[in-house]
Amino acid sequence: MSPVFPMLTVLSMFYYMCLRRRARTATRGEMNSRRAIESNTRALPINVEIVQYAKEVLDFSSHYGSENSMSYTMWNLAGIPNVYPSSGDFTQTAVFRTYGTWWDRCPSARLPFKRTPPTFCSQDYVELAFEEPVYPTAVHILETYHPGAVVRILACSANPYSQNPPAEVVCIVQSGTITIHMEMRPKPEAQNSRTKVRTPDEIPVGEAGRWGPGEWWEILWSEAPTKVNGPQARQFTPCIKQINFPTNLIRLEVNSSLLDYYTELDAVVLHGVKERPVLSLKTSMIDMNDIDEDEDEEKYGCGMDTLNKQFSIVTLREWPTNGYFDKLPYELIQLILSHLTVPDLCRLAQTCKLLYQHCCDPLQYIHLSLQPYWARINDTSLEYLQSRCTLIQWLNLSWTGNRGAISVSGFSRFLKVCGSELVRLELSCGHFLNETCLEVITEMCPNLQELNLSSCDKIPPQAFNHIAKVGSLKRLILYRTKVEQTALLSILNFCSELQHLSLGSCVMIEDYDLIASMMGAKCKKLRSLDLWRCKNITESGIAELASGCQLLEELDLGWCPTLQSSTGCFTNLARKLPNLQKLFLTANRSVCDTDIEELAANCTHLRQLDILGTRMVSPASLRKLLESCKDLSLLDVSFCSQIDNRIVLELNANFPNVFIKKSFTQ
């Protein structure tokens with residue numbers, strides 16, 4: 001008998017013994033891949049898995065719904081599911097403001113920032129708080145309509161329901177190895193918030209160094225946008241990574257660019273255990289060669305925070321010659337470096353004095369977007385960037401600075417040094433902003449032409465008066481802000497150069513007719529106007545607007561219930577605004593055939609039309625519209641009672657270049 005067979009038998013027995021031993025230790029909570037399940041017939045294991053729905057929605061960037069109701073709002077993500085497993089368009093779900101690429105094809109579309117890392121594709125976010133902090137083992141997202149928008153799931157070390165500061169993630173470099181040991185260490189009680197941050201290479205062997213402030217964000221899962229076939233509901237359960245801290249704060253980031261229609265989310269379920277799994281309790285040795293650089297940046301552990309230390313390095317090695325770089329013109333080297341992301345510039349600046357000089361040249365920072373690094377930007381980051389941003393013209397600080405990361409004084413110091421040349425300033429969801437910040441913006445940025453304050457809902461109403469001082473403004477986005485009527489009238493009176501204005505979901509404006517009248521009188525150059533969900537504009541305001549702003553190419557009057565077709569307001573719009581390319585009349589049930597025929601006759605450049613919810617439009621008028629408007633590419637007839645699926649199929653066959661949207665409810 002061959003000796004191979006006894007050897008195989010021995011190996012099999014050894015393997016079986018290992019499995020038995022792992023099975024026994026698993027019941028004691030030492031094996032994370034095997035979950036402990038509650039049972040009435042046996043004693044509970046130590047590490048019982050906790051399953052919980054979101055308790056509260058803490059923050060979000062946009063939603064389809066109104067600020068004063070629950071329909072289609074992010075607040076529907078709190079609690080148990082309302083719709084799942086049903087599929088379709090339901091008001092009880094959470095819906096973001098946009099989908100597809102339609103908003104990028106409008107006259108109001110903004111140019112993208114260069115140097116955005118290819119791994120950062122998030123367009124919107126929502127942050128959810130759960131009752132119990134746990135070590136996550138799974139995250140289930142219940143998507144009920146057009147799934148596939150979620151591109152990133154993050155966990156935060158901060159407990160939104162605790163007054164105690166969070167524990168911190170520390171990095172220890174082991175002697176003789178290129179490894180990282182991730183563990184949790186309690187935060188010292190008396191700690192300066194402006195702690196110096198160091199990369200692993202800069203930490204002496206055996207010494208622990210803090211990575212970032214007390215709040216630590218870790219990516220549980222991330223993936224590029226993917227196309228999901230079909231709008232049907234699903235439970236999305238990506239394979240998440242194990243983290244070294246308990247969390248009850250989860251953030252979802254979405255990208256809806258590949259979706260055929262609005263995505264709808266019903267609930268989020270967090271699975272986790274109270275005790276740290278065995279793989280986290282033991283020393284975790286991570287081979288640096290196995291870590292993708294782009295992923296490492298996206299973890300926010302060694303992305304923008306290391307910029308603070310890297311840019312402060314002064315003892316750089318000076319080589320006797322810089323090789324072929326000495327033969328290249330300065331401008332050519334600058335052009336080559338312009339293709340690097342900001343963290344890459346930080347790394348390159350550490351190589352030699354020549355490249356340090358190039359990487360710190362203010363010409364490299366004419367356009368700067370810090371949004372991809374939102375979790376690691378703080379006062380210290382801005383301080384180190386000051387000397388390099390003296391010529392900056394475009395600055396994107398959207399999503400940054402929240403929970404105390406950026407202070408009012410830190411933001412003010414930065415703008416006092418770097419604001420003189422600013423033309424474009426993006427501050428979407430900047431909850432650190434207050435009246436002092438707006439005052440500094442208007443004083444330090446005399447050349448400002450574009451200001452985005454979307455979803456900056458912590459700014460007090462009276463603070464918006466300061467914006468009127470910036471007479472050069474051409475674009476102003478005030479979506480979901482608390483701007484009040486007096487301040488807005490002042491802005492319109494003094495900012496006569498405005499071309500793009502967004503007032504969507506601004507609930508504190510009492511009389512939109514007065515606002516529309518001021519626009520018609522002062523804002524003659526207006527090209528796009530967003531009045532999404534304004535509750536009190538009437539035919540009088542529309543008449544003033546159409547008469548005074550005849551250059552309008554884009555107008556959003558979605559969910560404006562006080563507009564009635566019987567007053568002739570939509571007919572007046574069609575006749576006075578022949579340059580219209582986008583018109584949203586969403587959920588206005590009074591839109592009728594006469595309005596559609598007027599659009600067909602007068603607005604032949606129309607590209608996008610949304611008449612969701614009307615009962616008065618027939619297939620015949622839609623055919624006239626499609627025949628007259630050769631550039632039409634988007635037509636939303638969802639919940640139009642006279643336009644059934646058979647009609648939509650027929651129109652699609654006859655007009656294949658038009659995307660005709662017809663939502664449904666199962």
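Computed from a prediction, not measured in an experiment: that's the story for all the values here.

Enquirer: I keep staring at the overall build of the chain and nothing clicks. Help me out?
Expert: If you tally the helices and strands in the chain, you get 17 helices and 24 strands. When each of the 666 residues of the chain is scored for burial, the buried share is 54%. Within the chain, contacts between residues separated by at least 24 positions form 80% of all contacts whose residues are at least 6 apart in sequence. Counting every atom, the chain has about 28,900 Å² of accessible surface; 53% of that belongs to carbon and sulfur.

Enquirer: Would you take a moment to explain helix H17 (residues 645-654) for this structure?
Expert: Working note: α-helix, 3.6 residues per turn, so residues spaced by three or four point in the same direction. Within H17 the residues assigned to the buried category are Ile647, Val648 and Leu651. Viewed along the axis of H17, the buried residues span an arc of 100 degrees, placing them on a single side of the element. Across H17 from its buried face, at more than 90 degrees, point the exposed residues Asn645, Arg646, Leu649 and Ala653. In this fold, the buried residues of H17 make contact with helix H16 (619-628) and strand S24 (659-661). Looking at where H17 begins, the residue whose side-chain oxygen comes 3.2 Å from the main-chain nitrogen of arginine 646 is aspartate 644.

Enquirer: I keep staring at the pattern of salt bridges and nothing clicks. Help me out?
Expert: Proximity of charged atoms lets side chains of opposite charge pair with each other. This model, assessed by the stated rule, comprises 25 salt bridges. The residue glutamate 554 makes a salt bridge to lysine 582 at a minimum N-O spacing of 3.6 Å. Highlighted residues: glutamate 554 in strand S20 (residues 554-556) and lysine 582 in strand S21 (residues 582-584), separated in sequence by 28 residues. With relative accessibility at 7%, the residue glutamate 554 sits in the buried group. A residue is classified by how much of its surface remains accessible, and lysine 582, at 2% relative accessible area, is buried.

Enquirer: Honestly, the pairing of strand S9 (residues 217-222) in this entry has me stumped. Any pointers?
Expert: Side-chain positions along a regular strand alternate between the two faces of the sheet. Most of S9 sits inside the fold, with five of its six residues counted as buried. Relative to S9, strand S5 (residues 150-156) runs antiparallel, the two sharing five bridges. Each residue of the ladder has a partner; that of leucine 154, found in S9, is isoleucine 219.

Enquirer: Please clarify how the nonpolar core should be interpreted in this entry.
Expert: Within the largest apolar cluster, 111 residues are counted, with the highest numbers of intra-cluster contacts made by Leu453 and Met519. At five residues, helix H11 (residues 485-494) tops the list of elements feeding residues into this core. Discounting chain neighbours no more than four positions away, the residues touching leucine 453 are Leu427, Leu433, Leu438, Ile459, Phe464, Ile467, Ile477, Leu478, Tyr479 and Thr481. Within the second largest apolar cluster, 31 residues are counted, among which are Met74, Ala94, Phe96 and Val150.

Enquirer: Looking at this structure, I do not really get the packing of H11 against helix H12 (residues 512-522). What am I missing?
Expert: Helices that pack against each other are described as a pair by the angle of their axes relative to one another and the distance between those axes. Contact geometry of H11 with H12 gives a least axis separation of 9 Å together with a crossing angle of 10 degrees. It follows that H11 is roughly parallel to H12 by the angle criterion. Contacts between H11 and H12 pair Gln485, Leu488, Leu489, Leu492 and Asn493 from the former with Leu514, Ile515, Met518, Met519 and Lys522 from the latter. Split by residue class, the contact of H11 with H12 holds seven nonpolar, two polar and one charged.

Enquirer: What should I look at first to understand the packing of aromatic side chains in this one?
Expert: Using the criterion set out here, one finds 20 aromatic pairs in the structure. Consider the rings of tyrosine 99 and tryptophan 103, whose centres lie 5.7 Å apart with planes at 70 degrees: the pair is edge-to-face. The interplanar angle of 65 degrees and the centroid separation of 5.5 Å between the aromatic rings of phenylalanine 113 and tryptophan 394 together place this pair among those described as edge-to-face. Taken together, the positions of phenylalanine 113 in the loop between strand S3 (94-95) and strand S4 (124-145) and tryptophan 394 in strand S14 (residues 394-396) put the pair 281 residues apart, joining distant regions of the chain. Classification of phenylalanine 113 as buried rests on a relative accessible area of 11%.

Enquirer: Honestly, a nonpolar patch on the surface in this entry has me stumped. Any pointers?
Expert: A surface patch of nonpolar side chains, about 410 Å² in accessible area, is lined by Phe325, Leu328, Leu332, Leu335 and Ile336. For leucine 332, the location among the structural elements is in helix H5 (residues 330-337).

Enquirer: Please clarify how the state of the cysteines should be interpreted in this entry.
Expert: Put plainly, a disulfide is one covalent bond tying together the sulfur atoms of two cysteines. Taken as a whole and judged by the stated rule, the model has zero disulfides. The thiol of cysteine 506 is unpaired, and the distance to the nearest cysteine sulfur, on cysteine 534, comes to 9.7 Å.

Enquirer: Is there a simple way to think about the environment of glutamine 608 in this case?
Expert: With respect to the secondary-structure elements, glutamine 608 resides in strand S22 (residues 608-610). For the pair glutamine 608 and valine 658, spaced 50 residues apart in the sequence, the C-alpha separation amounts to 9.5 Å.

Enquirer: Sorry if this is basic, but what is going on with the confidence of the model for the chain here?
Expert: Residues shown with low pLDDT carry predicted positions that ought not to be read at fine detail. Looking at the chain as a whole, its pLDDT mean stands at 85, while 79% of the residues score no less than 70. Low pLDDT, under 50, characterises residues 168-213; the predicted model gives this stretch 113 contacts beyond four residues in sequence or across chains.

Enquirer: Just checking my understanding: could you explain the sheet that holds S24 for this structure?
Expert: The strands making up a sheet are joined through hydrogen bonds of the backbone, oriented either antiparallel or parallel. A sheet is described by the order of its strands in space; here twelve strands give the open sequence S13-S14-S15-S16-S17-S18-S19-S20-S21-S22-S23-S24, paired in parallel fashion. Edge positions in the sheet fall to strand S13 (367-369) and S24, since each of these pairs with one other strand and no more. In this sheet, neighbouring strand axes are inclined to one another by 5 degrees on average, regardless of whether the strands run parallel or antiparallel. Here three bridges tie S22 to strand S23 (residues 634-636), and the two strands are oriented parallel to one another. Bridge pairing in S23 links leucine 609 to leucine 635.

Enquirer: Teacher, can you tell me more about the side chain of threonine 571 here?
Expert: With respect to the helices, strands and loops of the structure, threonine 571 is situated in helix H14 (residues 569-576). In terms of polar contacts, threonine 571 uses its side chain to reach the side chain of aspartate 595, at 3.5 Å. In this view, threonine 571 contacts Thr594, Asp595 and Glu598; residues no more than four positions away in its chain are not counted.

Enquirer: How should the pairing of strand S12 (residues 264-273) be read in this particular structure?
Expert: For S12, a buried count of ten out of ten residues is recorded, marking the element as mostly surrounded by other parts of the structure. Note that S3 and S12 share two bridges and pair antiparallel. Across the sheet, the residue bridging to alanine 94 is leucine 265, located in S12. In this sheet, S12 lies alongside S4 in antiparallel orientation, the contact comprising nine bridges. In the strand pairing of S12, alanine 138 is matched with histidine 271.

Enquirer: What exactly am I supposed to notice about the packing of H16 against H17 here?
Expert: In the contact formed by H16 and H17, the axes pass within 12 Å of each other and the chain directions differ by 20 degrees. Relative to H17, the element H16 lies roughly parallel. Between H16 and H17 the crossing geometry is right-handed. Residues Pro619, Leu622, Arg623 and Leu626 of H16 touch H17, and the partners they reach there are Ile647, Glu650 and Leu651. Looking at side-chain class alone, the contact of H16 with H17 contains five nonpolar, no polar and two charged residues.

Enquirer: Which parts of the structure should I look at to understand the environment of glycine 100?
Expert: Summarising the element assignment, glycine 100 is placed in the loop between S3 and S4. Remark: the alpha-carbon pair of glycine 100 and tyrosine 262, spanning 162 residues in sequence, is separated by 8.2 Å. For glycine 100, the contacting residues outside a window of four places in its chain are Ser256, Ser257 and Leu259.

Rules behind the numbers
Residues numbered from 1 in each chain as written. Predicted model: local features only at pLDDT ≥ 70, side-chain atom pairs only at ≥ 80, totals over all residues. Heavy atoms only, no water. Helix = DSSP H or I, 4+ residues; strand = E, 2+ residues; numbered from the N terminus. Buried < 20%, exposed > 50% of the residue type's maximum accessible area, 1.4 Å probe, protein only. Contact = heavy atoms within 4.5 Å. Areas by Shrake-Rupley, 256 points an atom, 1.4 Å probe, with all protein chains shown as cover. Arc of directions from axis to C-beta. Polar contact = N/O pair within 3.5 Å; in protein donor to acceptor, adjacent residues only side chain to side chain. Salt bridge = Lys/Arg side-chain N within 4 Å of Asp/Glu carboxyl O. Pairing = 2+ DSSP bridges. Core = buried A, V, L, I, M, F, W, Y, C linked by side-chain atoms within 4.5 Å. Axes fitted to C-alpha atoms, helices over the stretch in contact; angles between N-to-C directions. Parallel < 35°, antiparallel > 145°, perpendicular 65-115°, else oblique. Nonpolar A, V, L, I, M, F, W, Y, C, P; charged D, E, K, R; others polar. Phe/Tyr/Trp six-rings, centres within 6.5 Å; stacked < 30°, edge-to-face > 60°. Patch = residues over 30% accessible without salt bridge, like charges linked within 9 Å, V, L, I, M, F, W, Y side chains within 5 Å. Disulfide = S-S within 2.5 Å. pLDDT = per-residue confidence, 0-100. Left-handed = near helix turned anticlockwise from the far one by under 90°.

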